[in-house]
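In case you want the letters, here they are:
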Amino acid sequence: LLATGEVVGLFPKEERDTMCGDVRNDFVKDNPTMEENLLNMYNYFMDRLRDNLHVCLCFSPVNAKFPIRAQNFPAVFAVNINWFMPWPEAALVAVSGAFLGSYKLDCSDDERSKLYGLTGAFQATVRDMTDTYYQRMRKHVYVTPKSFLCLIDFYKQL
């Protein structure tokens, strides 16, 4: 699917013919010199599908099988890869406020805002310590937005 945009045998002949009929007007408008037959219209349909098909896959580079899969399935990894950078501490505090804002706490608003800042500071400190850990132990530790959300959920359970 990712390499060609087509899953062979996915559509029965009747459905393919119907799809070709649906794109006929666009085919004639875009390709006035081409012969109007089912094969050309189906290829036109598949070209439009490939141009408009967007697939989002999420992989963790932490897994040892990640580089092996990247080599075995080049069609998957021959696309854009978005590496997400660490959140700034202000964003962590804002997210903390959004998730803990409706949570009932027995404290003043000033103490509540300090709590939000503290959760952001914890995450930022742990993220910064991963560099030290790597320098000493030569092992990567990843601190992700998901781990921050888990921290907030853990705090709610306390």
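Rules used throughout
Residues numbered from 1 in each chain as written. Predicted model: local features only at pLDDT ≥ 70, side-chain atom pairs only at ≥ 80, totals over all residues. Heavy atoms only, no water. Salt bridge = Lys/Arg side-chain N within 4 Å of Asp/Glu carboxyl O. Helix = DSSP H or I, 4+ residues; strand = E, 2+ residues; numbered from the N terminus. Buried < 20%, exposed > 50% of the residue type's maximum accessible area, 1.4 Å probe, protein only. Contact = heavy atoms within 4.5 Å.

S.K.: Can you help me understand the pattern of salt bridges in this one?
M.R.: Opposite charge on two side chains makes pairing possible when the charged atoms of those side chains draw close. Applying the stated criterion across every chain yields a total of six salt bridges. Put simply, Arg24 and Glu36 hold a salt bridge, and the shortest N to O gap is 2.4 Å. Highlighted residues: Arg24 in helix α2 (residues 24-30) and Glu36 in the loop between α2 and α3 (38-52), separated in sequence by twelve residues. Notably, a salt bridge pairs Asp110 with Lys114, separated by 3.6 Å at the nearest N-O pair. Here Asp110 pairs with Lys114, and both are found in helix α7 (residues 109-137), just four residues apart, close to one helical turn. With relative accessibility at 47%, the residue Asp110 sits in the partly exposed group.

S.K.: What should I look at first to understand the side chain of Ser96 in this one?
M.R.: Summarising the element assignment, Ser96 is placed in helix α6 (residues 89-100). Excluding anything up to four places from it in sequence, Ser96 contacts Gly101, Tyr116, Thr119, Phe148 and Ile152.

S.K.: Whenever I open this one, unusual backbone geometry confuses me. Can you help?
M.R.: Glycine aside, a negative phi is what most residues show, and trans is what most peptide bonds show. Of note in the backbone geometry, Arg138 takes a positive phi value of approximately 60° without being a glycine. Relative to the helices and strands, Arg138 resides in the loop between α7 and α8 (145-157).

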